[in-house]
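A look at the structure
Spelled out, the chains give:
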Amino acid sequence: MMSRPKRELSQQVQVCINKLYKQQNSKWIRLIRRSGEIAAIPYLTPFLESPELELQTAAENTISDLLKHCPPSDLVWLSEKMREYLPYGFTENASQWVHLTAENIKKWPATVHPVKIIMASFHWNGYVREEALKRIIQFHDGSEIPFLLIRMNDWVSPIRFHTYKALKQRIHTHNAGAFIRNITLVKRLESCGRDRYEALTESIYDLLRQSECLSELEQGTISTDRDMRRFCLQMALESRAAVPVEVLEKALYDRDASIRLWAARRTGNVLSGADLQKILLLMVQDSFPSVRREALELIAHHFPEQAIPFLREGLLDRNAVIREIARRHLALSESISYAEFYMDKIWSDNEKHLAAALYGLGETGQRADAEIIAEYMHYPAIHVRKAVVHSLARLDADTYQELLWQSLLDRQQGISREAVQAFQRHAYLLEKDELVHGIVNSDCVHVQRNMLRLLPAFGGWQHLESLLDIMAGTRTSWIKQASIHQLNNWTHVSGRSYRSRLTSEQEQVMLNKLESCAIILESKQVHMLRWLITS
């Protein structure tokens, strides 16, 4: 089975190309064929004009096979790559293809291999491309469509003119599948700047909306290509023959979250009644929070009475936005103390909802409720402890400063990251010397990285002093590099207006620290920092 096409040559294929050009033996072309690397095509193309029939045939079959497995987006890359000088300048053996003329193409017999004409349509010479295009226009099996779409943006205007006429003649139901398979190239015309192609692309879209093309669109909805699936679902929803609820249901079962979200956002505008209820029941169970959020909003708007149980369930959703939406809509129909609701759930001994209840209490509780949350700081489940850190930071970060600091030092990366976010919201709780000591002496890499992320919170001269202390105190190379990176940002990005003037004593201390790090920094950077400190 052929591997996925690659735009870069592997080392093995490079060796085969070198051997091919030196030995002129077709066995190397057959080896390249097995690789599936389209980056080899420009190096094989000169052999399409080889006087040796065996080499020419091998090149034709190999390039043809590689193109069959080439995604349409890679064809655009190949078209541009073919006009680079490097492949053609590989040896003098490529000169026949480099100097190909329109007259040469006219002399090609009717039995010439189609791939030879296709590759000529990528030639650097505009006259050659134009003559090759005239031969491609004679194809009528749909295989010509991707190459016509590429030439539609050619910089030679006669080529664009002939291509436009040829494409207009091919906009019929027999070619619907070909246009769908190459929809990337069709949509590419929307962003091309040589001409305005709106009329052409809209004609193609109108074709695909026709009832006769629905079967082709349905086939496209099971493609492995995400963009093709999304496009086909969109066109199917606009098709005159499609059943909207079936299209949206298929979209909501798609493995790609962006497609499911697209379907969720279209549901309220397209469906109503029982069909809408059916789709909402599917949406509310989706793993992607944005889809569940759309579902809750639609249920609350269209079916307020049936929405109550879904909204109550949303109060314990793992997503903060969904919890807030549920509280907002429930407040319109019932009076409830959400803090007490979340306390009841915390004390219910149901671990399934414990984390969500802790988050919810942090969002709706008072400062005194932090004591309840803190009891779960040493709970075995990591997601529960993360909820504790998050909620304590919201309700009473001052009282639980030490607990937050211990969370920053935690061996579990998720807990430490949550503590970083807490301290970023309450930077005044950080101690500079404690942070520097932790970065230099901690034996846990993720803790060191998280502490480095917090350093910019000090700002001004304190930030600079911390970086100099770290560089002087650490022996770890990656910490030095990360500190130098922050130092560059401090020097070039940070404004100086907020920095107070250093006293002469502070200035001397800072200069001494700079000198201890001078061997690590570039001389230009040391000079700049010395000037900033003393100016």
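The present account deals with the structure reproduced in this document. If you're wondering where the values come from, they're calculated on a predicted model, not measured in any experiment.

For the coordinates displayed, the defined rule picks out zero disulfides. Free of any disulfide, cysteine 16 has its nearest cysteine sulfur in cysteine 70, 20 Å distant. The exposure class assigned to cysteine 16 is buried, which follows from its relative accessible area of 11%.

Turning our eyes to something else, we now look at the layout of surface pockets. Roughly 870 Å³ of internal volume is contained in the largest pocket. Those elements that place two or more of their residues in the lining of the largest pocket are helix 4 (53-68), helix 5 (72-81), helix 9 (114-120), helix 11 (145-151), helix 13 (176-181), helix 14 (183-188) and helix 17 (226-238). No other element matches helix 5, which puts four residues into the lining of the largest pocket. Here the lining of the largest pocket is built from residues that sort into 15 nonpolar, ten polar and seven charged. Of the voids in this model, the second largest pocket is the one considered here, and its volume is about 370 Å³. Lining the second largest pocket are 17 residues, with Arg292, Glu313, Leu316, Asp317 and Arg318 positioned closest to its centre. Where the lining of the second largest pocket is concerned, the elements lending two or more residues are helix 21 (289-302), helix 22 (307-314) and helix 25 (354-364). Counting residues per element, the lining of the second largest pocket draws most heavily on helix 22, at three residues. Broken down by class, the residue content of the lining of the second largest pocket amounts to seven nonpolar, four polar and six charged.

Here we come to the packing of aromatic side chains. In this structure the tally under the stated criterion is seven aromatic pairs. Its guanidinium or amino end placed over the ring of tryptophan 155, arginine 129 lies 4.3 Å from that ring's centre, counting from NZ or CZ. Sitting over the face of the ring of tryptophan 478, arginine 449 holds its NZ or CZ atom 4.1 Å from the ring centroid.

Enumeration over the complete set of coordinates arrives at 32 salt bridges. Lysine 513 is paired through a salt bridge with aspartate 469; the nearest N and O atoms lie 3.2 Å apart. Placement of lysine 513 in helix 34 (residues 504-517) and of aspartate 469 in helix 32 (residues 460-473) is noted, with a sequence separation of 44 residues between them.

The next subject is helix 20 (residues 273-283). Turning to helix 20, its buried residues are Leu276, Ile279, Leu280 and Met283. In an axial view of helix 20, the angular spread of the buried residues amounts to 105°, which keeps them on one side of the axis. For helix 20, the secondary structure elements touched by its buried residues are helix 18 (244-252), helix 19 (257-270) and helix 21.

Thresholds applied
Residues numbered from 1 in each chain as written. Predicted model: local features only at pLDDT ≥ 70, side-chain atom pairs only at ≥ 80, totals over all residues. Heavy atoms only, no water. Disulfide = S-S within 2.5 Å. Buried < 20%, exposed > 50% of the residue type's maximum accessible area, 1.4 Å probe, protein only. 1 Å grid on protein atoms, 1.4 Å probe; cavity = no way out; pocket = protein on both sides within 12 Å on 5 of 7 lines; lining within 4 Å. Points joined across faces, edges and corners; volume = space filled by probe spheres on them. Helix = DSSP H or I, 4+ residues; strand = E, 2+ residues; numbered from the N terminus. Nonpolar A, V, L, I, M, F, W, Y, C, P; charged D, E, K, R; others polar. Phe/Tyr/Trp six-rings, centres within 6.5 Å; stacked < 30°, edge-to-face > 60°. Lys NZ or Arg CZ within 6 Å of the ring centre and 35° of its normal. Salt bridge = Lys/Arg side-chain N within 4 Å of Asp/Glu carboxyl O. Arc of directions from axis to C-beta. Contact = heavy atoms within 4.5 Å.

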